[in-house]
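Reading the structure
These are the residues of each chain, in order.
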Amino acid sequence: MRSRLIASVLGFIIISLSVSGCATKPTRLEISTKPVDKPELVLPKADIVRMRNITWVVITKENYQEQFDKLSKTGRPIAIFGLTDKGYADLSLNLSDIRAYIQQQQSIIAAYERYYKEADAKLNSAVTVDDKTKK
Amino acid sequence: MGLKLAGIMAIIMFVMGGLGYWYYKDSQERLAILTENNAKLDTAVKMNEETITTMQSTIRQANNQLRQTNDEFSRIRAHNQVLADKLEKIDLGMTAAARPETIERIINSATAKAGRCFELLAGAQLTKIEKEAKDEKSFNSECPWLYNNLVKR
């Protein structure tokens, strides 16, 4: 009679422990975010370009003597660095290509600037929203 | 015998009471942690949603900049083609042979204007004449498209 009673009590205790759960307590989650401001990039402005004056002289079979006389009056040595019409056109087109290249580079820099300014503004507003959400 | 049974019953009741109290406290603690975790997960989900929205918006911005830059490149290429078309239309050699002084004057003027385009692109200050230019052609015939960016702006 006594041993049955003890067995019942022990059995009840074991069942109670099983029901209440021997599992470990759930762990507390810790979520933390901390935005860090990146330092501002300060760069110097590019130098201003000052183009030198260039004077072209067109020399033909008819006018070369006249041009040479004009040139000798300037006191410069008589030496002509010549270009044909094709050479002149190619030089002009090369300069035009360089000008287009500079413009394209400026467009790229402007696009980067616009993108990062807009992205920074968006990220800042997102961080503000996140902070509000946390609170 | 009756007293013994009462004692055992009292012990059982005491143990049961203790177990009940412990179970209650443990459940409450567990509930509090789970509620807190739920709230934190809610916040995390909201933050993730916000991050996704921001990223989507950033991708849209990147695509906008790409489209805008491609458009600008097309315009620049078209401007660059103007001189090539101009040179193709005229026989420079023949014209220069026939009228050397005229061509000399034209190419010297064009060279000075082209040089000025480089200065303007590099950020040079506008001259009074450039500031008061009424249209693109009178601004600089070698880079008339800069008129809109520099004068009309």
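I will try to describe carefully the structure that is included in this document. Treat the numbers as computed from the prediction; the structure is a model and nothing was measured. (Residues numbered from 1 in each chain as written. Chains lettered and ligands numbered in written order. Predicted model: local features only at pLDDT ≥ 70, side-chain atom pairs only at ≥ 80, totals over all residues. Heavy atoms only, no water.)

Okay, the overall build of chain B next. Counting its secondary structure elements, chain B contains 6 helices and 0 strands. Secondary structure elements in chain B, listed N-terminal to C-terminal, are α-α-α-α-α-α. For 153 residues, the compact-globule formula gives about 15 Å, and the C-alpha radius of gyration of chain B, at 42 Å, lies well above that figure. In terms of overall dimensions, chain B has C-alpha extents of about 145 × 35 × 20 Å along its principal axes. A buried classification covers 33% of the 153 residues belonging to chain B. By sequence separation, contacts in chain B at least 24 residues apart represent 37% of the contacts at least 6 residues apart. One finds the centroid of the 21 positive side-chain charges in chain B at a distance of 4 Å from the centroid of its 19 negative side-chain charges. (Helix = DSSP H or I, 4+ residues; strand = E, 2+ residues; numbered from the N terminus. Rg over C-alpha atoms; globule rule 2.2 N^0.38 Å. Buried < 20%, exposed > 50% of the residue type's maximum accessible area, 1.4 Å probe, protein only. Contact = heavy atoms within 4.5 Å. Lys, Arg positive; Asp, Glu negative; His and termini not counted. Charge placed at Lys NZ, Arg CZ, Asp CG, Glu CD.)

All names here are of chain B. Inspection of every chain in the model, using the stated rule, returns 7 salt bridges over all chains. The salt bridge partner of Glu 130 is Arg 116, with a shortest N-O separation of 2.7 Å. With Glu 130 in helix H4 (residues 128-131) and Arg 116 in helix H3 (residues 100-121), this residue pair connects regions lying 14 residues apart in the sequence. Arg 116 gets classed as buried once you look at its relative accessible area, which sits at 14%. (Salt bridge = Lys/Arg side-chain N within 4 Å of Asp/Glu carboxyl O.)

Looking now at the packing of aromatic side chains. All names here are of chain A. By the definition in use, this model includes 5 aromatic pairs over all chains. Measuring from ring centre to ring centre gives 6.3 Å for Tyr 64 and Phe 68, while their planes differ by 85 degrees; the resulting arrangement is edge-to-face. Residue Tyr 64 and its partner Phe 68 are both found in helix H2 (residues 64-74); the two are separated by 4 residues, about one turn of the helix. By relative accessible area, which is 30% here, Phe 68 ends up partly exposed. Measuring from ring centre to ring centre gives 5.0 Å for Tyr 115 and Tyr 116, while their planes differ by 75 degrees; the resulting arrangement is edge-to-face. In textbook terms, an aromatic cluster arises when at least three aromatic residues are bridged by ring pairs, as seen for Tyr 112, Tyr 115 and Tyr 116. (Phe/Tyr/Trp six-rings, centres within 6.5 Å; stacked < 30°, edge-to-face > 60°.)

Turning our eyes to something else, we now look at the interface of chain A and chain B. Interface size is commonly expressed as the accessible area that is lost once the parts come together. Contact with chain A, which involves 63 residues of that partner, is made by 63 residues of chain B. Here chain A and chain B share an interface that buries about 5600 Å² over both sides, 64% of which is from carbon and sulfur atoms. Here chain A and chain B share 13 residue pairs in polar contact (both at pLDDT 80 or more) between them. Mapped by element, the contributors of at least two residues to the side of chain A that touches chain B are helix H1 (2-20), H2 and helix H3 (85-134) of chain A. Per-element tally for the side of chain A that touches chain B: the top contributor is H3(A), with 29 residues. Partitioned by chemical class, the residues of the side of chain A that touches chain B number 31 nonpolar, 16 polar and 16 charged. (Buried area = accessible area lost by both parts, 1.4 Å probe. Polar contact = N/O pair within 3.5 Å; in protein donor to acceptor, adjacent residues only side chain to side chain. Nonpolar A, V, L, I, M, F, W, Y, C, P; charged D, E, K, R; others polar.)

Let's shift gears to the nonpolar core. Within the largest apolar cluster, 10 residues are counted, these being Cys117(B), Leu120(B), Leu121(B), Leu126(B), Ala133(B), Phe139(B), Cys143(B), Trp145(B), Leu146(B) and Tyr147(B). For this core, the secondary-structure elements that each account for two or more residues are H3 and helix H6 (146-150) of chain B. When residues in this core are grouped by element, the largest group, 3 residues, is from H3(B). Beyond its immediate stretch of four places on either side in the chain, Trp145(B) contacts Arg99(A), Gln103(A) and His79(B). Ranked by size, the runner-up nonpolar core spans 7 residues in total, among them Val58(A), Leu92(B), Ala96(B) and Ile107(B). (Core = buried A, V, L, I, M, F, W, Y, C linked by side-chain atoms within 4.5 Å.)

A contiguous nonpolar patch, built from Val57(A), Ile59(A), Tyr64(A) and Ile80(A) and spanning about 330 Å² of accessible area, is present on the exposed surface. Mapped onto the elements, Ile59(A) comes out in the loop between H1 and H2. (Patch = residues over 30% accessible without salt bridge, like charges linked within 9 Å, V, L, I, M, F, W, Y side chains within 5 Å. Areas by Shrake-Rupley, 256 points an atom, 1.4 Å probe, with all protein chains shown as cover.)

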